[in-house]
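Working through the structure, step by step
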There are 2 protein chains.
Amino acid sequence: MITIALPKGALLKDSIALLQRVGLDFSAFLDSSNRQLQICDPSNRAKALLVRNGDVPVYVEYGQAQLGVVGYDVLKEKGAKVAHLLDLGYGYCRMSLAVKNSSPYRSSRDLPAHCRIASKFIHCAREYFHQVDLPVEIVPLYGSVELGPITGMSEAIVDLVATGTTLRENGLQEIEVLFESTARLIANPLSYRLNQDGLGHYIDQLRQEIALAAAA
Amino acid sequence: MITIALPKGALLKDSIALLQRVGLDFSAFLDSSNRQLQICDPSNRAKALLVRNGDVPVYVEYGQAQLGVVGYDVLKEKGAKVAHLLDLGYGYCRMSLAVKNSSPYRSSRDLPAHCRIASKFIHCAREYFHQVDLPVEIVPLYGSVELGPITGMSEAIVDLVATGTTLRENGLQEIEVLFESTARLIANPLSYRLNQDGLGHYIDQLRQEIALAAAA
């Protein structure tokens, strides 16, 4: 039996709908009264783990799940040793650089060297500023990153933006997109190579579904 | 005006009650309709920032807040450069090592070398196993750490325990306490040394309140 790690939150509903199209039903996770973190598909061919977004690559890397669905943002930030198989297309958002509306900076090139950038995505932020050759100080903040520029602690933030409402409500604006993110299918590299429990069959089916959805 | 960083969650209510006893009223944060992350005391002598537990030491280290209240667990995990001033006494919990009820291990000495320990507190866990001279692999999990032993990914977990209900519900039991934790008052080292904005006055008052509470 294969095990699939599914992320709590924004990607869950679409992930469950996609798996239903290849015959695996984990819709019990969508029941608001559900408290279980592990369920079996009614046909008993697969199991799913409901875990935090950032924990999906960990379960897949350690082989506790052979497959996982996770946002590209998390995948890039964590740098887990997993096989990155498929862009699932849903869950679009972007990793952006944002500053206060009153800030004079309009691109990363305008930022002063050694300025402070608040972010929860410290690896992504560090890598980006390394690429554009600007030495900055990354301030790790894990909640309400907007408070960084508001309190004057940082010149800018690097954060995930979906609609932009949170930025607007806090008087911030995007000035650059670092990269775009969607949900991705990942696999444990060894399980994938050995085609454990007929993993390849599910991956092929998912690939077909995604190709069909893209063509529609 | 001084700024105090207050943690969202379990420590907030007691922290606000303590500050009220020294004449600073931030009770607006307890209003369920509150969406503000920064408020001023009605007497305009101090400002408070409402931030995530783990972000409190960051705001204090960077001097955006001169004072902060944070759990010792977070303080130890983050290793921030802040002055640790006072044990505030409330918010008791403990950092514990726990295993499945069916596990044969009854202390850290029983664990096999190179076993896996799942934890959100990776620095605390690493330091502890270094002290007891047991080489282990720390698996970073940020939500539902109990799933580590349940899925077989790790032999044990290191996690914060208050009542023990979550452990019991998941068929796990504590086998060792790494350290105990309570709320702590921290200060920005430079602001503290320079006694910025009469910081020392508030610290003295808080120290007296804590001594009174301990004597009662």
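Please read all numbers here as calculations on a predicted model, not as lab measurements.

1. As for the overall build of chain A
Helix and strand counts for chain A come out as eight helices and eleven strands. Across its three principal directions, the C-alpha atoms of chain A cover 60 × 35 × 35 Å. Within chain A, buried positions represent 53% of all 216 residues. Here the analysis covers contacts within chain A between residues at least 6 apart in sequence; of these, 65% occur between residues at least 24 apart. Split by element, the accessible area of chain A, about 9900 Å² in all, is 49% carbon and sulfur. Distance between charge centres in chain A, computed from 21 positive and 23 negative side chains, equals 2 Å.

2. Brief notes about the interface of chain B and chain A
How big an interface is tends to be reported as the loss of accessible area on association of its parts. Listed per partner, the contact involves 30 residues of chain B and 30 residues of chain A. The three residues of chain B that bury the most area against chain A are Y59, Y62 and L147 of chain B, which together make up 23% of that side's buried surface. Inspection of the region where chain B meets chain A yields two salt bridges. The salt bridge partner of R35 of chain B is E169 of chain A, with a shortest N-O separation of 3.4 Å. Inspection of the chain B/chain A interface yields twelve residue pairs in polar contact (both at pLDDT 80 or more). Those elements that provide at least two residues to the side of chain B that touches chain A are β3 (46–51), α2 (56–61), β8 (137–140) and α5 (147–151) of chain B. Of the residues in the side of chain B that touches chain A, the class split is 15 nonpolar, seven polar and eight charged.

3. With respect to the relation of the copies chain B and chain A
Placing chain B over chain A gives an RMSD of 0.0 Å and needs a rotation angle of 180°, together with 0.0 Å of translation along the axis. Between the two chains, the operation in question is that of a two-fold axis. Measuring from the rotation axis to each C-alpha of chain B, the shortest distance belongs to Y142 of chain B, at 6.1 Å.

4. Details of the sheet that holds strand β5 (residues 83–87) of chain A
Residue and element names in this part refer to chain A. Reading across the sheet, the six strands line up as β2-β3-β1-β4-β11-β5 and stay open at both edges, with mixed pairing between neighbours. Only two strands of the sheet have a single neighbouring strand rather than two, namely β2 (38–40) and β5. If you compare each strand with its neighbour and ignore which way they point, the axes differ by 25° on average. In this structure, strand β1 (residues 2–7) lies alongside strand β3 (residues 46–51), joined through six bridges in parallel fashion. When the bridges of β3 are listed, I4 appears paired with A48. Contacts between helix α1 (residues 12–21) and the sheet are confined to β1, β3 and β4 (67–71), with β1 contributing the most and set at about 150° to the helix. Strand contacts of helix α8 (residues 199–215): β1, β4, β5 and β11 (183–187), with the helix running at about 30° to β5, the strand carrying the most contacts.

5. Examining the packing of aromatic side chains
Residues and elements named next belong to chain A. Counted under the stated rule, the structure contains four aromatic pairs over all chains. Relative to F179, the ring of Y72 lies with its centre 5.6 Å away and its plane at 85°, an arrangement referred to as edge-to-face. In this pair, Y72 is assigned in helix α3 (residues 72–78) and F179 in strand β10 (residues 172–181), connecting sequence segments 107 residues apart. By relative accessible area, which is 23% here, Y72 ends up partly exposed.

6. Structural notes on the sheet that holds strand β9 (residues 156–161) of chain A
Residue and element names in this part refer to chain A. Reading across from one edge, β8-β7-β9-β6-β10 is the order of the five strands in this open sheet, with mixed pairing throughout. Every other strand in the sheet has two partners, leaving β8 (137–140) and β10 as the edge strands with one partner each. The average undirected angle you get between the axes of adjacent strands in this sheet is 30°.

7. Let's talk about the packing of helix α1 (residues 12–21) of chain B against helix α8 (residues 199–215) of chain B
All names here are of chain B. Remark: α1 packs on α8, axes separated minimally by 9 Å, with the N-to-C direction vectors making an angle of 110°. Relative to α8, the element α1 lies roughly perpendicular. Only L206, E209, I210 and A213 of α8 make contact with α1, whose side of the interface consists of L18, L19 and R21. The residue inventory of the contact of α1 with α8, partitioned by class, reads five nonpolar, no polar and two charged.

8. Some details on α1 of chain A
Residues and elements named next belong to chain A. Taken residue by residue, α1 has L12, S15, I16, L18 and L19 as its buried positions. The buried residues of α1 occupy one face: seen down the axis, they fall within an arc of 160°. Note on α1: the residue one or two positions beyond its end, G23, has a positive phi of about 90°.

9. Quick word on the pairing of β11 of chain A
All names here are of chain A. Judged by how many residues are buried, β11 sits mostly within the fold: five of five residues are covered. Burial of the side chains of β11 extends over both faces: A183, L185 and A187 are buried on one face and R184 and I186 on the other. Across five bridges, β4 lies against β11 in antiparallel orientation. Looking at the pairing, L67 lines up with A187 of β11. Of the pairings in the sheet, the one linking β5 to β11 comprises four bridges and is antiparallel in character. The partner of H84 across the bridge, within β11, is I186.

10. Focus: the domain arrangement of chain A
Residues and elements named next belong to chain A. Along its sequence, chain A is carved into domain 1 (2–91 + 182–215) and domain 2 (93–180). Of the residues lining the interface, six residues belong to domain 1; the matching set on domain 2 comes to eleven residues. The largest share of the area that domain 1 buries against domain 2 comes from D73, K76 and E77, three residues that together contribute 75% of it. At the junction of domain 1 with domain 2, the criterion picks out one salt bridge. For K76, the salt bridge goes to E127, with nearest N and O atoms at 3.0 Å.

11. Points about helix α4 (residues 122–131) of chain A
All names here are of chain A. Buried residues of α4: I122, C124, A125, Y128 and F129, and no others. Down the axis of α4, the sector holding all buried residues measures 165°, keeping them to one side. The outward face of α4, more than 90 degrees from its buried face, is lined by the exposed residues H130 and Q131. At its buried positions, α4 is contacted by α3, β6 (93–100), β7 (116–119), β8, β9 and β10.

Reading guide: rules and limits
Residues numbered from 1 in each chain as written. Chains lettered and ligands numbered in written order. Predicted model: local features only at pLDDT ≥ 70, side-chain atom pairs only at ≥ 80, totals over all residues. Heavy atoms only, no water. Helix = DSSP H or I, 4+ residues; strand = E, 2+ residues; numbered from the N terminus. Buried < 20%, exposed > 50% of the residue type's maximum accessible area, 1.4 Å probe, protein only. Contact = heavy atoms within 4.5 Å. Areas by Shrake-Rupley, 256 points an atom, 1.4 Å probe, with all protein chains shown as cover. Lys, Arg positive; Asp, Glu negative; His and termini not counted. Charge placed at Lys NZ, Arg CZ, Asp CG, Glu CD. Buried area = accessible area lost by both parts, 1.4 Å probe. Salt bridge = Lys/Arg side-chain N within 4 Å of Asp/Glu carboxyl O. Polar contact = N/O pair within 3.5 Å; in protein donor to acceptor, adjacent residues only side chain to side chain. Nonpolar A, V, L, I, M, F, W, Y, C, P; charged D, E, K, R; others polar. Least-squares fit on C-alpha atoms with pLDDT ≥ 70 in both. Pairing = 2+ DSSP bridges. Axes fitted to C-alpha atoms, helices over the stretch in contact; angles between N-to-C directions. Phe/Tyr/Trp six-rings, centres within 6.5 Å; stacked < 30°, edge-to-face > 60°. Parallel < 35°, antiparallel > 145°, perpendicular 65-115°, else oblique. Arc of directions from axis to C-beta. Domains from an automatic or database assignment.

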